[in-house]
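Topology and contacts: notes
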Amino acid sequence: DGFGGVRPPRPAYSPRDLMRNALVFSASFAILEGCISATIIISHEVVEHHLASSVSAVLYLFFALGTLVAPALVRRAGVKRSLVASMLMYAVYTAAYMAPSPTVLYPAGALGGLAGALLWTAQGAYYTTSAVEYSKAKGRAS
């Protein structure tokens with residue numbers, strides 16, 4: 001870790017800073033999920049209905065399968081890296097509709113499903129950590 005096994009002390013954040021961070025994260029997360037939902041809905045206008053439905057099925061299948069490995073991936077990579085990686089993976093999924101063909105959309109759907117599993121797992125870890133830190137900052141936890 002570059003510190004010889006000893007981590008430097010983290011700066012103490014005020015309850016206000018922690019609440020602001022949680023609200024900004026919540027808004028960002030909602031916007032991202034809105035973009036993904038819009039992509040799924042609009043996909044039926046961009047490509048044939050059958051292809052859009054099949055790609056959505058791949059997305060949800062890989063989301064379900066991804067939930068089996070996402071906790072281990074988040075533990076290994078860390079919350080921040082997992083969030084960034086999943087957001088980039090979602091960007092690839094949405095960008096795939098700019099060149100909509102089955103050879104592009106099916107792998108993008110699989111990647112988008114894995115992104116969702118990773119993102120929701122990392123988001124849960126972020127909120128859990130934030131809640132604990134907020135409680136400590138307010139003097140309500142040890």
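Residues numbered from 1 in each chain as written. Predicted model: local features only at pLDDT ≥ 70, side-chain atom pairs only at ≥ 80, totals over all residues. Heavy atoms only, no water.

Considerations on helix H1 (residues 15–46)
Stated formally: In this text, helices come from DSSP runs of H or I with a minimum length of four residues, and strands from runs of E with a minimum of two, each type numbered from the N-terminal end. Under the convention used throughout, the expected extent of a helix is 1.5 Å for every residue step, that is, one less than its residue count. The angle separating two fitted axes, one through the seven residues that finish at a residue and one through the seven that start at it, defines the bend at that residue. Only heavy atoms matter for contacts: two residues are in contact if any of them lie within 4.5 Å across the pair.
Look at H1: 45 Å from first C-alpha to last across 32 residues, which is about the 46 Å you get at 1.5 Å a residue. Most pronounced at Ile-40, the bend in H1 amounts to some 30°. In the core, the buried residues of H1 are packed alongside helix H2 (49–77), helix H3 (79–95) and helix H4 (102–137).

Some thoughts on the pattern of salt bridges
Going by this rule: Within this document, salt bridges are pairs made up of a side-chain nitrogen of Lys or Arg and a carboxyl oxygen of Asp or Glu, the two lying within 4 Å of each other.
Inspection of the entire model under this criterion finds one salt bridge. In this structure, the salt-bridge partner of Arg-20 is Asp-17, at a minimum N-O distance of 3.3 Å. On the criterion of helical spacing, the pair formed by Arg-20 and Asp-17 is a turn pair, its members being three residues apart in helix H1.

Topic: the confidence of the model for the chain
Formally: Every residue gets a pLDDT, meaning the predictor's confidence in that residue, from 0 to 100.
Looking at the chain as a whole, the pLDDT averages 90, with 91% of positions reaching at least 70. In the model of the chain, H1 stands out as the element of lowest mean pLDDT, 92, in contrast to H2, which has the highest, 97.

Here we look at the packing of H3 against H4
To be explicit about the condition: Geometry is summarised by axes, namely lines fitted to C-alpha atoms with helices restricted to the contacting stretch, and by angles between N-to-C directions that run from 0 to 180 degrees. An angle below 35 degrees is treated as roughly parallel, one above 145 as roughly antiparallel, one from 65 to 115 as roughly perpendicular, and anything else as oblique. By definition, any crossing whose near helix is turned counterclockwise from its far helix by less than a right angle is left-handed, and any crossing with a clockwise turn is right-handed. In this count, Pro and Cys sit with the nonpolar residues alongside Ala, Val, Leu, Ile, Met, Phe, Trp and Tyr, while Asp, Glu, Lys and Arg are called charged and the others, Gly among them, polar.
Put simply, H3 and H4 touch, their axes get as near as 8 Å, and they point 150° apart. One element, H3, and the other, H4, form an angle in the roughly antiparallel class. The interaxial crossing formed by H3 with H4 has left-handed handedness. Here the residues of the contact of H3 with H4 sort into 17 nonpolar, six polar and no charged.

A closer look at H3
Where we set the bar: Here the term buried applies to any residue with accessible area under 20% of the maximum for its type, exposed to any over 50%, and partly exposed to those in between, with areas from a 1.4 Å probe on protein chains only. As used here, the arc belongs to the directions running from the helix axis to the C-beta atoms.
Between its terminal C-alpha atoms H3 stretches 24 Å, which fits the 24 Å expected from 17 residues at 1.5 Å a residue. Within H3, the full set of buried residues consists of Ser-82, Leu-83, Ser-86, Met-89, Tyr-90 and Tyr-93. Taken down its axis, H3 places every buried residue within 130° of arc, on the same side. Among the exposed residues of H3, those pointing more than 90 degrees away from its buried face are Lys-80, Arg-81 and Leu-88. The elements touched by buried residues of H3 are H1, H2 and H4.

Structural notes on the packing of aromatic side chains
Applicable threshold: Pairing of aromatic rings covers Phe, Tyr and the six-membered ring of Trp, with a centre-to-centre limit of 6.5 Å; geometry is then stacked below 30 degrees between planes, edge-to-face above 60, and tilted otherwise.
The tally for this structure, following the rule as stated, stands at six aromatic pairs. Judged by centre distance (6.2 Å) and plane angle (25°), the rings of Phe-25 and Phe-29 are stacked. Of this pair, Phe-25 and Phe-29 are both found in helix H1, four residues apart, which corresponds to roughly one turn of the helix. Seen in terms of ring centroids, Phe-25 and Tyr-126 are 4.2 Å apart; in terms of plane orientation they differ by 35°. Their pairing is tilted. Taken together, the residues Phe-25 in helix H1 and Tyr-126 in helix H4 connect sequence positions 101 residues apart. Tyr-126 shares its class with Phe-25; the two are buried. Feature note: the residues Phe-25, Phe-29, Trp-120, Tyr-126 and Tyr-127 constitute an aromatic cluster, connected by ring pairs.

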